[in-house]
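A look at the structure
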Amino acid sequence: MKLTDFQLIFIVTISIVAILFFLFKWRKATKELTILTNLIFPDSFRELSQSVFSRIKKGLLGEKIPLSALSDISNGITSFLTLQEALNLIVDRTMKLMQAEVISIMLLDKNKNELRIKAAKGLSDDVVKNTVIKLGENISGWVAKTGKMLFIPDINKDTRFKATSNPVYKGHSLISVPLKFKNEMIGVLNVTSKSNAEIFNEDDWACLAVIANQSAIVIENAKMYGEICQRARELETILEISQAVISTLNLQEVLQMIINKTIEIMKTPICSLRLLDYEKQELYVQASAGLSEKYLQIGPIKVGESIAGRVAKEKNPIAVSNVKEDIRYKFSNLAIKEGINSILCVPILNKNEMIGVLTVYKTEKHEFSNTEIQLLSTFASECAIAINNARLYENMHKNYFDTIQTLALAVEARDPYTRGHSERVTEYALAISKELKLPERQIQAIKYAGRLHDIGKVGVRDEILLKPGKLTISERADIELHSSKGAEIIKPLDFLKESTPGILHHHERYDGKGYPDRLSKEDIPIVARILAVADTFDAMTSKRPYREPLSVEVALKEIEKHSGDQFDPKIASALINIVKKYNESKDGINLSVG
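Residues numbered from 1 in each chain as written. Predicted model: local features only at pLDDT ≥ 70, side-chain atom pairs only at ≥ 80, totals over all residues. Heavy atoms only, no water.

A look at the overall build of the protein chain
Filter applied, for reference: Runs of H or I in DSSP of at least four residues are treated as helices and runs of E of at least two as strands, each being numbered from the N terminus. Burial classes: relative accessible area under 20% of the type maximum marks a residue as buried, over 50% as exposed, and values in between as partly exposed (1.4 Å probe, protein chains only). In this description, contact between two residues means that some pair of their heavy atoms is separated by no more than 4.5 Å. Each accessible area is a Shrake-Rupley estimate made with a 1.4 Å probe; only the visible protein chains count as cover when residues are assessed.
When helices and strands are counted, the protein chain shows 22 helices and twelve strands. Relative to its full complement of 594 residues, the protein chain shows a buried share of 46%. Look at the contacts in the protein chain between residues 6 or more apart in sequence, and 60% of them connect residues 24 or more apart. Entry remark: accessible area of the protein chain is about 30400 Å², with carbon and sulfur atoms responsible for 53%.

Put into structure tokens, the structure is as follows:
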């Protein structure tokens with residue numbers, strides 16, 4: 001009688017139950033299981049199932065099947081194991097139980113219809129790494145395709161087994177059993193050669209059938225556990241990105257955070273993010289990791305061009321397993337030099353509006369799975385929200401800043417001698433901050449503070465602000481209030497909170513004799529110390545109603561003279577170096593008389 005897959009699975013299931021009963025009440029268990037099989041199966045089937053029970057009983061009572069080994073595998077069903085831990089456990093316990101020289105577990109890749117060794121003992125690393133068997137080919141491929149167990153007394157006499165140079169296969173017997181879960185093929189368990197040179201027998205066959213059934217459950221549990229952990233990590237990452245949007249005001253920080261998290265969830269050190277320039281219809285790299293400067297110099301990619309351009313045009317992901325062979329990829333020569341073999345590029349869409357593309361690169365040839373494509377696409381959708389919100393926030397800041405700056409320019413317009421002063425001070429201050437290699441966040445704060453440092457003069461009367469002669473003590477006191485008033489004006493604007501100290505303290509002196517709080521040295525915020533040097537340099541080199549402008553050389557000597565009392569020595573030195581550098585190159589910022 002030919003047995004169905006269901007009947008075969010049921011035999012194995014009953015066998016497991018039998019083992020558990022054998023531990024306690026063999027006679028009672030045998031009686032109950034016999035009644036069960038009598039009710040369900042025909043005579044011929046009962047005879048076969050009783051034969052299996054007989055073999056297992058013989059192995060248990062004769063201590064041919066170590067219960068501890070079976071127990072270890074069974075415990076794996078309820079344990080939280082990674083897939084590799086589960087496979088290693090099965091291999092280790094099965095090798096001891098079967099007294100085998102060689103054992104391997106091959107798992108089936110359903111997309112490629114091929115088997116690969118995922119865990120083994122007794123095989124060289126080279127064999128484990130390079131063995132790939134197509135479904136239906138050789139012994140393992142035949143077992144995986146048919147779903148049937150196979151016992152071979154002599155491997156070398158079986159035509160389905162390809163010749164191999166590995167000596168462990170010569171003249172040895174083999175049992176190959178399918179690993180099935182819910183009637184679905186997941187892999188093959190191979191056991192080759194007993195360590196005592198004996199040939200495998202029917203008792204071994206029965207024992208391995210039980211192991212295979214348990215192992216399939218353990219493997220599937222481990223896979224599900226891995227998937228659950230992976231999904232949890234993905235959700236956590238997406239949550240972090242969402243929280244980052246709320247916590248940062250800087251678009252570049254959001255973009256770099258996206259890159260960092262992409263590396264984490266896609267398990268690759270190389271990725272890039274390009275944003276779309278809507279007017280030019282070109283994609284520009286805004287953040288990246290693992291790519292050389294030469295590769296990044298590729299420049300903008302037009303929509304519809306190469307892989308990234310096609311993704312932007314079609315709004316669908318594109319995966320390339322081999323960039324050398326894909327004619328759509330425009331930069332294959334550069335990719336080869338970079339060591340890139342495979343890429344996955346997904347669109348960054350916000351309500352179907354193209355924002356940019358997110359690309360990950362693999363140095364080895366890699367077939368991106370549907371799960372990987374879906375994961376990166378979902379992540380990119382969340383990134384689109386983050387980028388869009390950051391842009392809206394920055395645009396809102398820009399509108400606020402433009403309004404405030406208009407007010408500051410209106411103040412300058414009252415005095416023709418100070419027109420353009422804030423712009424020049426900002427230019428000098430930014431040059432100093434870059435010379436000192438300050439972080440981008442501080443440079444941004446200096447940019448805002450430079451443009452708005454004199455906004456408090458909006459409250460100073462024209463007769464004081466435009467007075468050509470020397471100010472009285474009272475008038476001087478009114479003028480000195482402008483830094484405090486300026487800080488009060490911009491205080492409600494949260495995005496300018498890092499610029500506020502620069503506006504408030506840009507008239508402090510390094511020796512503590514300035515205003516409004518008589519701070520000294522490092523107690524003065526660095527933004528204010530930089531503005532103090534830049535502001536004084538522009539004032540000295542600009543025309544005033546009461547004097548002609550000083551030359552650049554004279555102004556620099558004054559800066560150097562008061563380094564250490566009025567100015568921070570490092571910042572004073574930085575300005576002097578910048579002026580000398582740009583005067584020599586005759587390029588860059590305008591350091592001529594104002």
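Observations concerning the pattern of salt bridges
Let me state the cut-off plainly: Between Lys or Arg on one side and Asp or Glu on the other, a salt bridge is scored when a side-chain nitrogen of the former is within 4 Å of a carboxyl oxygen of the latter.
By the definition in use, this model includes 22 salt bridges. Residues Lys581 and Glu435 are paired through a salt bridge, measuring 3.0 Å at the closest nitrogen-oxygen approach. Here Lys581 is found in helix H22 (residues 569-585), whereas its partner Glu435 is found in helix H14 (residues 421-435), with 146 residues between them in sequence. On the basis of relative accessibility, which here comes to 26%, the residue Glu435 falls in the partly exposed class. Here the salt bridges share partners, and the residues they tie into one network are Asp92, Arg93, Lys96 and Lys121.

Section: the confidence of the model for the protein chain
Here is the rule we go by: pLDDT is a per-residue confidence score from the predictor, ranging from 0 to 100.
On average, residues of the protein chain carry a pLDDT of 80, and 79% of them reach 70 or more. Considering only residues more than four positions removed or in separate chains, one finds that residues 16-53, a stretch of pLDDT under 50, has 48 contacts.

Details of the packing of helix H13 (residues 370-413) against helix H15 (residues 440-452)
Note the following rule: Fitting a line to C-alpha atoms yields each axis, with helices limited to the stretch in contact; the angle taken between N-to-C directions then spans 0 to 180 degrees. Side-chain classes are defined by residue name, with Ala, Val, Leu, Ile, Met, Phe, Trp, Tyr, Cys and Pro counting as nonpolar, Asp, Glu, Lys and Arg as charged, and the others, Gly among them, as polar.
Between H13 and H15, whose axes approach to 9 Å, the crossing angle comes to 35 degrees. Along the contact surface, H13 presents Phe401, Ile404, Gln405 and Ala408, while H15 presents Tyr448, Arg451 and Leu452. Tallied by class, the residues present in the contact of H13 with H15 amount to five nonpolar, one polar and one charged.

Side note on the sheet that holds strand S10 (residues 318-320)
The criterion, for reference: A strand pair is defined by DSSP finding two or more bridges across the two strands.
Taken together, the six strands give an open sheet; going across it, the order is S9-S8-S7-S12-S11-S10, and neighbouring strands pair in antiparallel fashion. With one partner strand each, in any of the chains shown, strand S9 (301-302) and S10 form the two edges of the open sheet. The sheet contact formed by strand S7 (residues 270-277) and strand S8 (residues 282-289) spans seven bridges and is antiparallel. Residue pairing for S8: Asp277 is matched across the bridge by Glu282. Against the sheet, helix H11 (residues 306-314) makes contact with S8, S9, S10, strand S11 (342-350) and strand S12 (353-362), and its axis sits at roughly 30 degrees relative to S11, the strand it touches most. H13 rests against S7, S10, S11 and S12 of the sheet, and its axis sits at about 45 degrees to S11.

Examining the pairing of strand S1 (residues 100-109)
With respect to burial, S1 is a largely interior element, eight of its ten residues being buried. As paired strands, S1 and strand S6 (residues 184-194) are joined by seven bridges and run antiparallel to one another. Each bridged residue has a counterpart across the sheet, and for Val102 the counterpart in S6 is Thr192. With seven bridges joining them, S1 and strand S2 (residues 114-121) adopt antiparallel strand pairing. Bridge pairing in S2 links Met106 to Ile117.

Examining the layout of surface pockets
For the record, the criterion: Grid points spaced at 1 Å over the protein atoms alone were grouped into cavities, where a 1.4 Å probe fits but cannot get out, and pockets, open sets with protein on both sides within 12 Å along at least five of seven lines, with lining residues defined by an atom within 4 Å of a point. Grid points are joined across faces, edges and corners, and a volume is the space filled by probe spheres set on the points.
Approximately 1800 Å³ is the volume attributed to the largest pocket. Contributing to the lining of the largest pocket are 42 residues, with Leu83, Asp109, Lys118, Lys223 and Ser369 lying nearest its centre. Taken together, the elements giving at least two residues each to the lining of the largest pocket come down to helix H5 (83-98), S1, S2, helix H6 (125-130), S6, helix H8 (202-247), helix H9 (251-266) and H13. Ranked by the residues each element gives to the lining of the largest pocket, the list is headed by H8, at eleven residues.

What about the packing of aromatic side chains?
Selection rule: When two rings of Phe, Tyr or Trp (its six-membered ring) have centres within 6.5 Å they constitute a pair, described as stacked for plane angles under 30 degrees, edge-to-face for angles over 60, and tilted for the intermediate range.
All chains considered together, the criterion is met by three aromatic pairs. Between Tyr329 and Phe331, the ring centres sit 6.2 Å apart and the planes meet at 90 degrees, which makes this aromatic pair edge-to-face. One exposure class covers both Tyr329 and Phe331, and it is buried. Seen in terms of ring centroids, Tyr428 and Phe537 are 5.3 Å apart; in terms of plane orientation they differ by 80 degrees. Their pairing is edge-to-face. Taken together, the residues span a long stretch of sequence, with Tyr428 in helix H14 and Phe537 in helix H20 (residues 526-540) at a distance of 109 residues. Take Tyr428 and Phe537: they sit in the same class, and that class is buried.

Looking at the sheet that holds S2
Spatially, S3-S2-S1-S6-S5-S4 is the arrangement adopted by the six strands of the open sheet, whose pairing is antiparallel. Taken across any chain shown, the strands that pair with only one partner, and hence form the sheet edges, are strand S3 (132-134) and strand S4 (150-152). If you compare each strand with its neighbour and ignore which way they point, the axes differ by 25 degrees on average. Along the sheet, H5 contacts S1, S2 and S6; its crossing angle with S1, the most-contacted strand, is approximately 145 degrees.

Examining unusual backbone geometry
For the bond running from Tyr515 to Pro516, omega is 10 degrees, close enough to zero to count as cis. The phi dihedral of Gln99 is positive, around 55 degrees, even though this residue is not glycine. Take Gln99: it is sitting in the loop between H5 and S1. Judged by its relative accessible area of 43%, Gln99 is partly exposed. You will see that Asn138, though not glycine, has its phi angle at about 55 degrees, which is positive.

What to know about the side chain of His366
As a reminder, the rule being used: Throughout this description, a polar contact denotes any pair of N or O atoms lying within 3.5 Å of each other; where both atoms belong to protein, one of them has to be capable of donating a hydrogen while the other can accept it, and for residues adjacent in sequence the pair is counted only when both atoms sit in side chains.
Inspection of the secondary structure puts His366 in the loop between S12 and H13. Assessed through its relative accessible area of 19%, His366 is described here as buried. A distance of 3.0 Å separates polar atoms of two side chains, one belonging to His366 and the other to Glu372. Each residue touching His366, except ones within four places of it in the same chain, is listed here: Ser321, Ser342 and Glu372.

Considering empty space enclosed by the protein
Take a probe with the size of a water molecule and roll it over the atoms, and the empty space left behind shows itself. Under the criterion given, the structure shown has four cavities of 30 Å³ or more. Space inside the largest cavity adds up to approximately 120 Å³. Taken together, 14 residues form the lining of the largest cavity, with Tyr295, Ile301, Ala308, Tyr329 and Tyr361 sitting closest to its centre. Counting residues per element, the ones that place at least two in the lining of the largest cavity are S7, H11, S11 and S12. At three residues, the largest contribution of residues to the lining of the largest cavity is made by H11.

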